[in-house]
Amino acid sequence: NQSLGVLAGMNFGLINLVTASGTIDGSTFSGVTAGGLVGQNGTNGPTVTGATIQNSSAAVKVTLGDGTGCTSTSTSCHNNTAGGLVGQNSGTITGSSASGTIVVGANSQAGGLVGGNYRFDSNNNPVAGALIDQSFATGNVSSAGVNVSLGGLVGFNFTGALITSSYATGNV
């Protein structure tokens, strides 16, 4: 799996007052987590690490191809996850925004701000902690693929994750 971002692939600390622009093209890879600013904010698993992005923005076009998806016989999934600011968030995002266009293929999650907003413990159980607050997205989100979760703000918001005082205006 790969994490891509204009600023950083992964963030485990604090990002404050940062602006990013450009393009991410991961159209030929599967198992990619990409965000206009950061690919992955925080981490899941045995050591759950939070991370914070505040007062930051991205104007980045993110394009990902098809993930390989999951089957009843597969041992691992290689879905793609894309967001205008962050691909996958298990930490905190506050006072931030994204305006880039997001395009993904099949077996993907995509959102104008965040692709996937969730946190899991070491036993792969959802836990509270992923937070998006006072943030927004204005970019369009689209896919011509199957098995996708698309949202103007967040593609997939899982159990225990929280979104407050935020909005999206892009087309899906």
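If you're wondering where the values come from, they're calculated on a predicted model, not measured in any experiment.

Novice: Quick question: what am I supposed to make of the packing of aromatic side chains here?
Specialist: Remark: the centre distance and the inter-plane angle together describe each pair of aromatic rings, the angle taken between the planes. Applying the stated criterion across every chain, the model contains five aromatic pairs. Relative to Phe120, the ring of Tyr118 lies with its centre 5.5 Å away and its plane at 55 degrees, an arrangement referred to as tilted. Since its relative accessible area comes to 16%, Phe120 is described here as buried. Seen from their ring centres, Phe136 and Tyr167 are 5.1 Å apart, and the 5 degrees between their planes marks the pair as stacked. Residue Phe136 is located in strand β17 (residues 136-137), and its partner Tyr167 is located in strand β22 (residues 167-168); the two are separated by 31 residues in the primary sequence. Taken together through their ring pairs, the aromatic side chains of Tyr118, Phe120, Phe156 and Phe158 make up a single cluster.

Novice: Would you mind going over the side chain of Thr33 with me for this structure?
Specialist: Note that Thr33 resides in strand β5 (residues 32-35). Excluding anything up to four places from it in sequence, Thr33 contacts Gln2, Ser3, Leu4, Gly39, Thr81, Gly87 and Gln88.

Novice: For this particular structure, what's the right way to read the nonpolar core?
Specialist: Core analysis: the largest hydrophobic core is formed by 27 residues, its most contacted members being Leu37, Ile53, Val62, Leu85 and Leu113. Elements represented by at least two residues in this core include exactly β4 (19-26), β5, β8 (57-64) and β13 (102-104). The biggest single contributor to this core is β8, with four residues.

Novice: What is the right way to look at the layout of surface pockets in this model?
Specialist: A probe matching the size of a water molecule, rolled over the atoms, marks out where space remains unfilled. In this model, the largest pocket occupies a volume close to 530 Å³. Grouping the constituent residues of the lining of the largest pocket by class yields four nonpolar, 14 polar and no charged.

Novice: Is there a simple way to explain the sheet that holds strand β2 (residues 8-11) in this structure?
Specialist: The pairing of strands in a sheet happens through backbone hydrogen bonds and is either parallel or antiparallel. What the five strands build is an open sheet, ordered β2-β6-β10-β15-β20; its pairing is parallel. Strands at the two margins of the open sheet, each flanked by one partner only, are β2 and β20 (154-157). Strand-to-strand, the axes of this sheet are offset by a mean angle of 10 degrees, without reference to chain direction. One ladder, built from three bridges, connects β2 with strand β6 (residues 38-41); its direction is parallel. Across the sheet, residue Ala8 finds its bridge partner in β6, namely Val38.

So, how was this worked out
- Residues numbered from 1 in each chain as written.
- Predicted model: local features only at pLDDT ≥ 70, side-chain atom pairs only at ≥ 80, totals over all residues.
- Heavy atoms only, no water.
- Phe/Tyr/Trp six-rings, centres within 6.5 Å; stacked < 30°, edge-to-face > 60°.
- Buried < 20%, exposed > 50% of the residue type's maximum accessible area, 1.4 Å probe, protein only.
- Helix = DSSP H or I, 4+ residues; strand = E, 2+ residues; numbered from the N terminus.
- Contact = heavy atoms within 4.5 Å.
- Core = buried A, V, L, I, M, F, W, Y, C linked by side-chain atoms within 4.5 Å.
- 1 Å grid on protein atoms, 1.4 Å probe; cavity = no way out; pocket = protein on both sides within 12 Å on 5 of 7 lines; lining within 4 Å.
- Points joined across faces, edges and corners; volume = space filled by probe spheres on them.
- Nonpolar A, V, L, I, M, F, W, Y, C, P; charged D, E, K, R; others polar.
- Pairing = 2+ DSSP bridges.
- Axes fitted to C-alpha atoms, helices over the stretch in contact; angles between N-to-C directions.

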